[in-house]
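# Topology and contacts: notes
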Amino acid sequence: MFIRWTLALGLAVTFICRAFSQDPAQGQVFTRFEYKHSFKGPHLVDRKNRVPFWTSLGNALPSSDQVRLTPSIRSMKGSIWNNVTFEGDNWEVEVTLRVSGRGSVGGDGMAIWFRDQLGEEGPVFGVSDKWVGMGLILDSFDNDGGMDNPMVSVILNDGTKMYDHNSDGRTNLHSQCRRDFRNRPHPVRLRIRYYQRELKVEYDHGNSAEPVYELCLMSSDVQLPRTGVFGVSAATGGLADDHDVLRFLTWTLSPTAFAHAEAPSMKKEEVDKAQDMYDTYSESLEKQKLEFRKSHPESLLPDDFAFESPYDRSVRQILSGITDVVELTKNLHTAVTSGAVQARGSSNNGQAPPAPNVVGLDAMISQSLSRLTQDVQQVLKRNQEETNLILRAHGDSIRRLQAPSGVPPPVGVAGQADVSQLSGDLSAIRSDIQGQQRQVQAVLAKLTSLADNQPRGAAAEVDQQCVSYTTVAIVAVVEALIAIVVIFVQKKKAAAAEKKFF
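What comes next concerns the included structure. Computed from a predicted model, the values in this text were never measured in an experiment.

Summing up its helical and strand segments, the chain has seven helices and 17 strands in all. Per-residue burial over the chain gives 38% buried out of 502 residues. Counted over contacts in the chain with a minimum sequence separation of 6, partners at least 24 positions apart contribute 70%. Summed over all atoms, the accessible surface of the chain reaches about 29,500 Å², with 55% contributed by carbon and sulfur.

Structure follows, in structure tokens:
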């Protein structure tokens, strides 16, 4: 029974703690970043070494990644103020700062302000006294000997009270928390939230690069001006620290979603006037294009030919392969013809070789040239197959062009021939012809060594089995046709691919 009551009491305490730990502002809070009331590095300053939308006073020195309010020199004062008036009942600012010095005790400190008007140089951490609004004070030096510094405190003023340095502002102190913000491993972050007349300050100790906020102080029923300016100031006295501000980010808070500003609508007369101006300009531009084309006929090529596209590069490589194939075929024909002529010339010398050698040489030459002729015929057959494939692709492309708009064109297998596949086939053809050339060179070597024993009949047979110029011309025409059709198909594919984006 005791255990049951203990568990029930623990659950009740947990529920009560969660209820009281909830944010007083119920419901969702919408935020909107205010860039005109913010700054952060890098590239913090413009060409004139000024922070956009902000004004620096005193000894403040803006740089590309921070604003140094005071250097570690005695009796220095500096501040930076937003020169755009903020207007709103609910807001949140996040300030990233760094306070560093050589001594174990620093001075004097810095302050974050929200005042009804821009501050001037004065005694309160570099700013004038008797302000209207809020000052969040980061006091480094313990003036009253209370052993409670460094300290973060909030001081509210209605424009009639003066800040008492000797008591560290305790006469006007609204709330405070003791936090050591000097010489931290990382910059210190403060998040100040004013929402529905409640002021809450969260603090990050700067122990890590990522912020870890904890509640520093909270005050209810705080009345701040609805319009005002943000600012940060710092001052040094007998002791001195470097006071740097790295970021100042501002958001507007609202319990409802922010309405997006709509673009102002134009009157019908303005729309018609703008349309007439556009039409006139378009007509003038077309006339200028026609005049330029008449005076510069060499520029009539489409813009696609101005630069080499990947498709053009592939076609150029294929044409280069076709040229190599034609050259190899010509060399093959020349080599075989030269061998036959040498054999015929040797047989006309009248020297009759022994009978057994004539029969063996005749059979060897006939067998070699027969095999060579078969291989060349296979190469020509492969060329014919590639030609048929490209012709079918060409026919599919023509049918697509002739198809009416709005009707999906037929898609054939041949129409999807790829340039890389065709390039591979041409490389294979080139390799085959190079192999045949090596075989012809071997046969010519044998013909040269045994040319004196070659009879006239064998030479005549060799001449009949050689590749003629007609065959070479046919191969060249077929390869040229392949190149033309490939260029046409690739251009159609490129045009179809571009149309997909419109």
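With an omega dihedral of -15°, the bond running from glycine 107 to aspartate 108 counts as a cis peptide bond. Relative to the helices and strands, aspartate 108 is located in the loop between β8 (91-100) and β9 (109-115). Following asparagine 149, the chain continues into proline 150 via a peptide bond in cis, with omega recorded as 0°. On the secondary structure map, proline 150 appears in the loop between β10 (132-139) and β11 (151-158).

For the rest of this paragraph, the subject is the side chain of aspartate 148. Looking at where aspartate 148 falls in the secondary structure, it is placed in the loop between β10 and β11. With a relative accessible area of 13%, aspartate 148 lands in the buried category. If we ignore the near neighbours within four places in the chain, the residues touching aspartate 148 are Asp142, Arg170 and Arg178.

This paragraph deals with the packing of aromatic side chains. Considering all chains together, one arrives at 14 aromatic pairs under this definition. Ring plane angle 80° and centroid distance 4.9 Å describe the contact between tryptophan 113 and tryptophan 131, whose orientation is recorded as edge-to-face. Highlighted residues: tryptophan 113 in strand β9 and tryptophan 131 in the loop between β9 and β10, separated in sequence by 18 residues. Across from the ring centre of tyrosine 213, 4.0 Å away, lies the NZ or CZ of arginine 191, which sits over that ring. Just above the ring of tyrosine 195 sits the side chain of arginine 193; from NZ or CZ to the centre is 5.6 Å.

Cut-offs and rules
- Per chain, residue numbering runs from 1 following the sequence as it is written.
- Residue-level local features of this predicted model are given only where pLDDT is at least 70; pairs of side-chain atoms are given and counted only at 80 or more, and the full residue set underlies all totals for whole chains, interfaces and linings.
- No hydrogens and no water enter the side-chain calculation; it runs on all heavy atoms of the structure.
- Labels follow the DSSP assignment, with helices taken as runs of H or I lasting at least four residues and strands as runs of E lasting at least two, numbered in each case from the N terminus.
- Residue burial is assigned from relative accessible area. The probe radius is 1.4 Å, only protein chains are included, and a residue is buried under 20% of its type maximum, exposed over 50%, and partly exposed in between.
- Here a residue-residue contact requires only that any non-hydrogen atoms of the pair lie within 4.5 Å.
- Here the open area of atoms and residues is found with the Shrake-Rupley method and a 1.4 Å probe, where only the protein chains shown may cover a residue.
- Working definition: a ring pair exists when centres of Phe, Tyr or Trp rings (six-membered ring for Trp) sit within 6.5 Å. Plane angles under 30 degrees give stacked, over 60 give edge-to-face, the rest tilted.
- Should the NZ of a Lys or the CZ of an Arg lie within 6 Å of a ring centre and within 35 degrees of the ring normal, that charge is described as sitting over the ring.

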